[in-house]
Amino acid sequence: MSDAATPNPSDSSSLQLGPPKARPGPRGGPKNWVTMGLVLPGLLFFLVMFVWPIAQMLSHAVYSPEVQIALPRTVAAMADWDVTTPPSDAIADALILDLKNADRGDLASAARRLNYEQSGFRAALLKTAREVRRSDGAKGYQALLDADKDWADLARWRVLRSAGSAYTSYYLLTALDLEKRPDGSIGRVPGDRALFVTVILRTLWLSLVVTVICLFLAFPVSYTIASAKPGRQALLMLLILLPFWISLLVRSSAWVILLQDNGLVNTALLKLGIITEPVQLIFNRTGVYIGLVHVLLPFMVLPITNAMRAVPKDYVRAAFSMGASAPRALFQVYLPQIWPGVAAGSLLTFVICVGYYVTPLLIGGNQDQMLSYFIAFYTNQSVNWGLASALSAVLCAIMLLLMGLYALVPRRGGTTAGR
Amino acid sequence: MKLCATIAAGLTIALTGTAMADSLTVATWGGTFTENQRKAVFDPFAKESGNEVLDAVYNGGLGQLRAMAETGDAKWDVIQMEAADLVLACEEGLIEPIDAARIEAAAALGDAISECGVGALGWSVVIGYNTEAMKQAPTGWKDFFDTATYPGKRALRRSPTHALEAALLADGVDKADVYKVLSTDEGIDRAFAKLDTIKGDLQWWEAGSQPAEWLASGNVVMSTSYVGRLEGAKGEGAPVAYNWNGSMYAVDSWAIVTGSEHVDLAYDMINYASRADAQAEFSSIHAVAPTNPEADALIPADIQARIPITANREKGISISDKFWVENLEDLTDRFNAWIAK
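Fair warning: this is a prediction, and the values are worked out from it, not measured in the lab.

Points about the overall build of chain A
Reasoning step 1: What chain A contains, in helices and strands, is 19 helices and two strands.
Reasoning step 2: On C-alpha atoms alone, chain A measures out to a radius of gyration of 30 Å, which is more than a quarter above the 22 Å that the 2.2 N^0.38 rule sets for 419 residues.
Reasoning step 3: On the principal axes, the C-alpha backbone points of chain A span a range of 100 × 75 × 35 Å.
Reasoning step 4: Relative to its 419 residues, chain A shows a buried fraction of 41%.
Reasoning step 5: Counting only contacts in chain A whose residues sit at least 6 apart along the sequence, the fraction spanning at least 24 positions is 70%.

And the structure:
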């Protein structure tokens, strides 16, 4: 984090967002090649192991060639269909030929893809495939109608046509609870199917609350550490860092034991007569707040402590000696100087919280799951990678937006004392 | 030195393990179910064939199978699947078509052999309850949804299956009409609206072992559960009971995962598991119905009373494979959206 060339010690606590600024030096000299050579492996690793897979994963959000792969002739034949009259026998024959020749797995993928856009399509397509495979002589539009009468529905053909393109806006729209209407306009999905906007707002709200709680809890802790004697400072720091040595899973599960209905906390409160029946502390929002604050607090404490340490005691004393009241000394002298630490800590906590998965999963209820739960669900459970990617893209966009906002916030407060 | 020796011993076991006869990985439903299956089927088969049978936990759905197909790495060889999942997996090519000629008990099994599956067992899911927490025993789905008379948390499977049928039965739909009503948009809305009335009191189980544990510990007062698990808990002295009214019956099948490297061994295992004596043995220690009718005669009368045979089954409904094959994916999406709000 700290860079020897950084002129300002308090900057060491602010997040390094971009690469360090290049230092002025000789151009093109042999030294430059050596530097390049040293940086290259790291850079390559970053590109190959980080940027490339993420780009690959995100591309699933818009790239969806299943229908093109399974039904290539149909897609080609439908290119000049006018979408308002029933499709010609040539188009129907192309579909029949495709259905006869398609690989089982490819056809199933295409059928699933089509079913996302029109429910019932999966069963219809597979049923039609079975029928036309059974009868060798099946030809023309009528053969399709014989297999499944709903092929008379032009909306189905339009879905087939639009899904024939390798690129789709379907997943991104779904990730934002939007859908493309038959007339081409974009509108909100009906309330009983809308989900993700609620989840996105929930994720942001939860993260905000956790960040604010962390900030208030971290402040006195950081101040105690920063103003302790060096020896005790090290000990206190150790206590803050201790949780990092214990597996996150263990720490999260431990809360289940503590907070459950017949857990330590409830038993103690019952015995003390403070409550008469167990309070629900886990598998709800309260539990998630407790768990997340516990996990994320160090990320807030560390930058703030760093910033506080860098503030010379004399400044506040000087403010007092010049007649400033306590609040004034706090707001005009002390806070501006630790501002970079506060901003960095808050951003760090918030950003980590937005992407959190395991703690809410273990100690949250169904109504407390954040966006990453759904990304995992669509990746592992329903294996709808398109939607998982689209949700990831939304999460990434939120992160980038936040980083952008952070970059706009002034780095230090009004005072430039001591510089 | 001791550490080195331990590591060396571990390595030897690991290496000889891979060099031994084939090992077959069977994905099945976990907990006491798998334990009993191991006793009645896997271990005797392993002994007879000289191979090893490993088990893996499978909780339904196609996610893991699809992931295996995507990555081309079939971690499982045989899987015990529910009827709707079986048909969907078969259509997607995630499981192998079954060659009926290789099934020894084909004649006895009859209709239980489908395109990609061999009937393994019939199970019922029933309303179980904790006898200590309940002043009076619930008699059906109306009571399950009646939080005034029967207060306390209750649990359902985290899936639209069972839950939607239960909601309609509780809402007064006749047993015979459940799927007719559920096939309409209004019927589905009606089921979700009924579930809404007890949403705050619901807990959702995902693994088949959870409900019996929750009921035994008093974590919930009522829950759907497989009969076999409840009988197991009862046998251990847990304060649980159940009622056949409102039960839901279905048949699970064995299937062979596409890409399995042990297809021959998989057929051998399925053949062993389809034998009348193996099925009778399993039904005797875990309350499921055999799919091989020849097993019926081998099951003692006292056991017959607690497994899902016809007389018990008739008090509830049979889960419609046809309905769920067509609607499982859509309704799962809607169910997930509903549960998360």
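Alright, that's what it looks like, and here's the rest.
Considering the pairing of strand 8 (residues 240-256) of chain B
All names here are of chain B.
Reasoning step 1: Of all 17 residues in strand 8, 15 are buried, a share of seventy percent or more.
Reasoning step 2: Relative to strand 8, strand 3 (residues 78-81) runs antiparallel, the two sharing four bridges. In the strand pairing of strand 8, Val78 is matched with Ile256.
Reasoning step 3: Alignment of strand 4 (residues 118-130) against strand 8, held across 11 bridges, turns out to be antiparallel.

Description of the domain arrangement of chain B
All names here are of chain B.
Reasoning step 1: One can read the domain layout of chain B as domain 1 (21-122 + 251-312) and domain 2 (124-249 + 317-339).
Reasoning step 2: On a C-alpha basis, the centroid separation for the pair domain 1 and domain 2 is 25 Å.
Reasoning step 3: At the junction of the two partners, domain 1 supplies 24 residues and domain 2 supplies 20 residues.
Reasoning step 4: Together domain 1 and domain 2 conceal approximately 1700 Å² of surface at their shared face, both sides included; 56% is due to carbon and sulfur atoms.
Reasoning step 5: The residue Glu231 makes a salt bridge to Arg306 at a minimum N-O spacing of 3.8 Å.
Reasoning step 6: Those elements giving two or more residues to the side of domain 1 that touches domain 2 turn out to be helix 2 (31-49) and helix 4 (83-91).
Reasoning step 7: Sorting elements by how many residues they give to the side of domain 1 that touches domain 2 places helix 4 first, with five residues.
Reasoning step 8: Considered class by class, the residues forming the side of domain 1 that touches domain 2 number 12 nonpolar, eight polar and four charged.

A word on the domain arrangement of chain A
Reasoning step 1: Entries for chain A in the domain assignment read domain 1 (66-168) and domain 2 (196-408).
Reasoning step 2: Relative to domain 2 of chain A, the C-alpha centre of domain 1 of chain A lies at a distance of 51 Å.

Topic: helix 7 (residues 140-147) of chain A
Reasoning step 1: Those residues of helix 7 of chain A lying buried are A:Gly140, A:Tyr141, A:Ala143, A:Leu144 and A:Ala147.
Reasoning step 2: Along its buried surface, helix 7 of chain A packs onto helix 4 (89-101), helix 6 (121-134) and helix 8 (154-163) of chain A.

Considering the packing of aromatic side chains
Reasoning step 1: Evaluation of the coordinates by the stated rule reveals 29 aromatic pairs over all chains.
Reasoning step 2: Between A:Tyr223 and A:Tyr334, the aromatic rings sit 6.0 Å apart at their centres with planes inclined by 75°, giving edge-to-face as the arrangement. Placement of A:Tyr223 in helix 10 (residues 196-227) and of A:Tyr334 in helix 16 (residues 326-354) is noted, with a sequence separation of 111 residues between them.
Reasoning step 3: Using a relative accessible area of 42% as the deciding quantity, one classes A:Tyr223 as partly exposed.
Reasoning step 4: Each member of the aromatic cluster is reached from another via a ring pair, and the members are A:Phe196, A:Tyr373, A:Phe374, A:Phe377 and A:Tyr378.
Reasoning step 5: The ring of B:Phe144 carries the charged tip of B:Arg154 above its face, separated from the ring centre by 5.9 Å.

Comments concerning the state of the cysteines
Linking two cysteines covalently through their sulfur atoms gives a disulfide.
Reasoning step 1: For the structure shown, the criterion picks out one disulfide over all chains.
Reasoning step 2: Across a sulfur-sulfur distance of 2.0 Å, B:Cys90 and B:Cys116 are joined as a disulfide pair. Note on the B:Cys90 and B:Cys116 pair: the S-S dihedral is about 55°, so by sign convention the disulfide is right-handed. Separated by 26 residues along the polypeptide, B:Cys90 in helix 4 and B:Cys116 in the loop between helix 5 (106-109) and strand 4 bring together distant segments of the chain.
Reasoning step 3: On the accessibility criterion, B:Cys90 (6% relative accessible area) is buried.
Reasoning step 4: Residue class for B:Cys116 comes out buried when judged on its relative accessible area of 1%.
Reasoning step 5: A:Cys214 takes part in no disulfide bond, and the closest cysteine sulfur to it belongs to A:Cys353, at a distance of 7.8 Å.
Reasoning step 6: Here A:Cys396 stays free of any disulfide, with the sulfur of A:Cys353 as its closest cysteine sulfur at 17 Å.

Describing the interface of chain B and chain A
Reasoning step 1: In this complex, chain B contributes 26 residues to the contact, which on the side of chain A involves 29 residues.
Reasoning step 2: When the two sides are added together, the surface that chain B and chain A hide from each other amounts to roughly 2200 Å², 47% of it contributed by carbon and sulfur.
Reasoning step 3: When the buried area of chain B at its contact with chain A is split by residue, B:Glu91, B:Ala340 and B:Lys341 rank highest and sum to 26% of it.
Reasoning step 4: Across the contact surface, chain B and chain A share three salt bridges.
Reasoning step 5: A salt bridge links A:Arg104 to B:Glu115, with the shortest nitrogen-to-oxygen separation between them at 3.6 Å.
Reasoning step 6: Put simply, the parts of the chain that give the side of chain B that touches chain A at least two residues each are helix 3 (63-71), helix 4 and helix 16 (321-339) of chain B.

A short note on the pattern of salt bridges
Reasoning step 1: Counted according to the given criterion, the structure contains 28 salt bridges over all chains.
Reasoning step 2: Here A:Arg193 makes a salt bridge to A:Glu179, at a shortest N to O gap of 3.5 Å. Note that A:Arg193 is positioned in the loop between strand 2 (186-188) and helix 10 and A:Glu179 in strand 1 (residues 178-180), a separation of 14 residues in sequence.
Reasoning step 3: According to the relative accessible area criterion, A:Arg193 is partly exposed, its value standing at 47%.
Reasoning step 4: A salt bridge links B:Arg275 to B:Glu48, with the nearest nitrogen and oxygen atoms 3.3 Å apart. Note that B:Arg275 is positioned in the loop between helix 12 (263-274) and helix 13 (276-285) and B:Glu48 in helix 2, a separation of 227 residues in sequence.

Digging into unusual backbone geometry
All names here are of chain A.
Reasoning step 1: Even without being a glycine, Asp177 presents a positive backbone phi close to 60°.
Reasoning step 2: Tracing the backbone shows Asp177 in the loop between helix 9 (170-175) and strand 1.
Reasoning step 3: For Asp177, a relative accessible area of 3% puts it in the buried group.
Reasoning step 4: Its identity is not glycine, yet Phe283 carries a phi of approximately 60°, on the positive side.
Reasoning step 5: Residue placement: Phe283 occurs in the loop between helix 13 (264-271) and helix 14 (285-309).
Reasoning step 6: Owing to a relative accessible area of 43%, Phe283 belongs among the partly exposed residues under this scheme.

What counts, and where the lines are drawn
- Throughout this document, residue positions are counted from 1 along each chain, in the order its sequence is written.
- Chain letters start at A and ligand numbers start at 1, both assigned in the order the entries are written.
- Whole-chain, interface and lining totals are the exception, using all residues; otherwise, since this is a predicted model, local features are given only for residues with pLDDT of at least 70 and side-chain atom pairs are given and counted only at 80 or more.
- Side-chain measures were taken over the full set of non-hydrogen atoms in the model, leaving aside hydrogen atoms and water.
- Under the DSSP-based scheme used, a helix requires at least four consecutive residues in state H or I and a strand at least two consecutive residues in state E, with every element numbered from the N terminus.
- When we talk radius of gyration, it's over C-alpha atoms, and the globule rule is simply 2.2 Å times the number of residues to the 0.38.
- Under the scheme applied here, a residue whose accessible area is under 20% of the maximum for its type counts as buried, over 50% as exposed, and between as partly exposed, the area being computed with a 1.4 Å probe on protein chains only.
- Contacts are residue-level and defined by heavy atoms, with any inter-residue pair within 4.5 Å sufficient.
- The rule for pairing is simple: two strands pair if DSSP sees at least two bridges between them.
- For the domains described, the bounds stem from an automatic or database domain assignment.
- Computed with a 1.4 Å rolling probe, the buried area is the accessible surface lost when two parts are put together, summed over both parts.
- A pair is scored as a salt bridge if a Lys or Arg side-chain nitrogen falls within 4 Å of a carboxyl oxygen belonging to Asp or Glu.
- For this scheme, ten residues count as nonpolar: Ala, Val, Leu, Ile, Met, Phe, Trp, Tyr, Cys and Pro. Four count as charged, namely Asp, Glu, Lys and Arg, and the remainder, Gly too, count as polar.
- Here is the rule: rings of Phe, Tyr and Trp (six-membered ring for Trp) pair when centre to centre is within 6.5 Å. Planes less than 30 degrees apart are stacked, more than 60 are edge-to-face, and the remainder are tilted.
- Cation placement over rings: the criterion is NZ of Lys or CZ of Arg within 6 Å of the ring centroid and within 35° of the ring normal.
- Cysteine sulfur atoms are paired as a disulfide whenever they fall within 2.5 Å.

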